[in-house]
Amino acid sequence: MTAPTQADIDREMRAAGDAYAGRRAAGSAPGEHPARDYPPYRSSELRHPRQPLTVVQDPDAMELSGPVFGAADVTALDADLTAHHIGEPLGERITVQGRVLDRAGRPVAGQLVEVWQANAAGRYAHRRDRHPAPLDPNFTGAGRCLTDDQGRYAFTTVKPGPYPWRNHVNAWRPAHIHFSVFGTAFAQRVVTQMYFPGDPLFAYDPILQSVTDEAARGRLVASYDHGLSVPEFSLGYRWDIVLDGPAATWTEDTP
Amino acid sequence: MTDLTTAVDAVAADDAKAENAENAAKAATAVTAATPRLAPTPAQTVGPFFGYALPFPGGGDLVPPGHPGAVTLHGRVLDGAGTPIPDALLEFWQAGPDGSRLGAPGSMRRDETTGGFAGRDGVTFTGFARVATDADGRYALRTFAPAGVPYLSVCLFARGLLHHLFSRAYLTGEPGYAEDALLASLPPARRATLETVRERDGVHRFDIRLQGGEDADGGRYEETVFLDFA
Ligand SMILES: [Fe+3]
């Protein structure tokens, strides 16, 4: 079987987008998350359930509570990915800040935010990343922090490079930072990716385009915030994260 | 309590309808008079390269190996062709052996001197575990059986999985498990996918199958039940 071309993938992404637009026009709710079955992302084919999810509406469900983390689970340096080695990493130094909120707009305080990313050349410090771009001995690309009482997180890092992958011929991922976030309930758990504004690769990437709703896709893109740029040091990006979760986690009086 | 949840859902559904009629384009930030409801950040796949960032030493050891009364939960994660998935990440959240649902910090204690991981303190039960599958798609977890609820909550991430999945591992033969409402609501073949196989005292097997299918010998296997917390 010959590998699909970008044109093949583009056609499939357009078909999925048109199908979504049709469902919206027929009155269905906006799609907040990617469909797990998204053929343009080839690896999803055998890795998505075919049966509908079983809905649980149990006020006693364990998933309405969740794990907690504390000061012992992070060190102060963890949030500065440029400070994990003796030398300075190569690349464009950036600061990424934002808030973690629940769907009622309340800050998620004291919870764990983890990030990982490629270096400025687009290479991960992972043995299975065989992209022949240079590794940077001064950059690993993993960090973590706890949100403060306002739900704020902040990382100092370098801007990751785009990188090729094998989904189809000439497949390139737009630059992104992987985020892993905990809420107060396990059911609010999310792992996602933050993108950078204006990346020309957005339209070609089936992982981003798997979010077929344009407004929802926009929520994965950080904004450049000049006020967050640090003079003579870094460019600033702002990205707020809103955790999904069961209706029980939206109400004001949930413990 | 069930009525309360249902009522909240009904309100949410009405709000959603009104909003669609009002302005579909504003759906990105759904706001109602009572409670502002922000649109969530979409999930994205964990990808193939989380291995140096998310797993941590002892991530599957909620209790020290060999601890008296410990339960081992182990199994494999399999795709729709029955092939083991070597790049999946599993998280578990559970009540303590005393029934506590509060959890505790300290799952990924750090060493301030080296910047590495210090490991759990061997005393605190944090209720949270994280394990990546190995090259054979296997994982293992050592824990206490939870009290109060007869299951461990499971969250599955993997390359190729665009949006994580929740499931539950019900420890076969543990107290309370026979009268669980979710298990009771499922047909037997589906129900069986959530029940661990008790291999011997204190050792339970729990495989996760992302899709049902037929194995090499023509035997049918069932897709694991995955959950949506509405
Ligand atoms: Fe990536």
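Residues numbered from 1 in each chain as written. Chains lettered and ligands numbered in written order. Predicted model: local features only at pLDDT ≥ 70, side-chain atom pairs only at ≥ 80, totals over all residues. Heavy atoms only, no water.

This part takes up the packing of aromatic side chains. All names here are of chain A. Overall, the coordinates contain 19 aromatic pairs over all chains when judged by the stated rule. On the numbers, 5.9 Å between centres and 45° between planes, the contact of Tyr153 with Phe155 is tilted. The exposure classification of Tyr153 matches that of Phe155, with both residues buried. Members of the aromatic cluster, each reached through a chain of ring pairs, are Tyr153, Phe155, Phe179 and Trp239. (Phe/Tyr/Trp six-rings, centres within 6.5 Å; stacked < 30°, edge-to-face > 60°. Buried < 20%, exposed > 50% of the residue type's maximum accessible area, 1.4 Å probe, protein only.)

Residues and elements named next belong to chain A. For Asp205, the position within the fold is in the loop between strand S9 (190-195) and helix H2 (206-209). On the basis of relative accessibility, which here comes to 0%, the residue Asp205 falls in the buried class. In this structure the side chain of Asp205 is engaged in a polar contact, spanning 3.0 Å, whose partner is the side chain of Arg173. Within the structure, the side chain of Asp205 is placed 3.1 Å from the backbone nitrogen of Leu208, a separation counted as a polar contact. (Helix = DSSP H or I, 4+ residues; strand = E, 2+ residues; numbered from the N terminus. Polar contact = N/O pair within 3.5 Å; in protein donor to acceptor, adjacent residues only side chain to side chain.)

We now examine unusual backbone geometry. Residue and element names in this part refer to chain A. We note that Asn170 has phi near 65°; this positive angle belongs to a residue other than glycine. Take Asn170: it is sitting in the loop between strand S6 (163-165) and strand S7 (171-173). At Glu232, a residue that is not glycine, the phi angle is positive and equals roughly 65°. Summarising the element assignment, Glu232 is placed in the loop between strand S10 (223-224) and strand S11 (235-238). For Glu232, a relative accessible area of 84% gives the class exposed.

Moving on to the environment of B:Ser185. Residues and elements named next belong to chain B. Structurally, the position occupied by Ser185 is in helix H2 (residues 181-185). Relative accessible area serves as the criterion here: at 52%, Ser185 is assigned to the exposed category. Considered as a pair, Ser185 and Glu91 are 94 residues apart in the sequence and their alpha carbons are 25 Å apart. There is a polar contact of 2.6 Å between the side chain of Ser185 and the backbone oxygen of Leu182.

Let us look at the sheet that holds strand S8 (residues 176-181) of chain A. Residue and element names in this part refer to chain A. If you trace the 4 strands from one edge of the open sheet to the other, you get S4-S3-S8-S9, paired in antiparallel fashion. The sheet terminates laterally at strand S4 (142-146) and S9, the two strands that pair on one side only. For this sheet, the mean inter-axis angle between neighbouring strands, taken without regard to orientation, is 20°. Two elements, strand S3 (residues 112-117) and S8, share 5 bridges in a ladder whose sense is antiparallel. Opposite Glu114, over in S8, you have Ser180 as the bridge partner. (Pairing = 2+ DSSP bridges. Axes fitted to C-alpha atoms, helices over the stretch in contact; angles between N-to-C directions.)

Contact with chain B, which involves 86 residues of that partner, is made by 90 residues of chain A. Summed over both partners, the interface of chain B with chain A comes to about 7,600 Å²; 59% of that surface belongs to carbon and sulfur atoms. When the buried surface of chain B facing chain A is broken down by residue, B:Gln44, B:Phe49 and B:Tyr52 rank first, second and third, together holding 11% of it. At the boundary of chain B with chain A, the tally comes to 7 salt bridges. Put simply, A:Asp60 and B:Arg101 hold a salt bridge, and the shortest N to O gap is 3.3 Å. For the side of chain B that touches chain A, the secondary-structure elements that each account for two or more residues are helix H1 (2-22), strand S2 (88-93), strand S3 (128-132), strand S5 (151-158), strand S6 (165-170) and strand S12 (227-229) of chain B. (Contact = heavy atoms within 4.5 Å. Buried area = accessible area lost by both parts, 1.4 Å probe. Salt bridge = Lys/Arg side-chain N within 4 Å of Asp/Glu carboxyl O.)

Further remarks concern the pairing of strand S1 (residues 71-78) of chain B. Residue and element names in this part refer to chain B. Here S1 lies mainly inside the structure; 6 of its 8 residues are buried. With 6 bridges connecting them, S1 and strand S4 (residues 138-143) associate as antiparallel partners. The residue bridging Gly75 from the neighbouring strand is Tyr139, located in S4. Relative to strand S8 (residues 203-205), S1 is paired through 3 bridges, and the arrangement is parallel. Note on S8: the bridge partner recorded for His74 is Arg205. Sheet topology places S1 next to strand S9 (residues 208-209); 2 bridges connect them, and they run parallel. Note on S9: the bridge partner recorded for Leu78 is Arg209.

Inspection of the secondary structure puts A:Arg36 in the loop between helix H1 (6-25) and strand S1 (54-56). No salt bridge is formed by the buried A:Arg36. Its closest oppositely charged neighbour is B:Asp228, at 6.9 Å. Within the structure, the side chain of A:Arg36 is placed 2.8 Å from the backbone oxygen of B:His163, a separation counted as a polar contact. Within the structure, A:Arg36 has its side chain in polar contact with the backbone oxygen of B:His164 (distance 2.9 Å). When residues no more than four places from it in sequence are discounted, the contact partners of A:Arg36 are A:Ser44, A:His48, A:Pro49, A:Leu53, B:Leu161, B:Leu162, B:His163, B:His164 and B:Leu165. (Lys, Arg positive; Asp, Glu negative; His and termini not counted.)

Residue and element names in this part refer to chain A. Within this structure, the stated rule accounts for 25 salt bridges over all chains. With a closest N to O distance of 3.0 Å, Asp205 and Arg173 form a salt bridge. Of the two residues, Asp205 sits in the loop between S9 and H2 while Arg173 sits in strand S7, which places them 32 residues apart along the sequence. For the residue pair Asp205 and Arg173, the accessibility class agrees, reading buried in each case.

Moving on: the coordination of the iron ion. Reference values for coordination geometry: four tetrahedral donors around a metal ideally subtend 109.5 degrees, six octahedral donors ideally subtend 90 or 180 degrees. All names here are of chain A. Protein coordination of the iron ion is provided by Tyr124 (OH), Tyr163 (OH), His176 (NE2) and His178 (NE2), with donor distances spanning 1.9 to 2.2 Å. Between the 4 donor atoms coordinating the iron ion, the angles at the centre fall across 90 to 161°, so the site counts as irregular. Between consecutive donors of the iron ion, the numbers of intervening residues give the motif Y-x38-Y-x12-H-x1-H. Comparing His176 with His178 shows no difference in burial state: the two are buried. (Donors = N, O, S within 2.8 Å, 3.2 Å for Na, K, Ca; no water. Tetrahedral: all angles 85-135°; square planar, octahedral: opposite > 155°, others 65-115°.)

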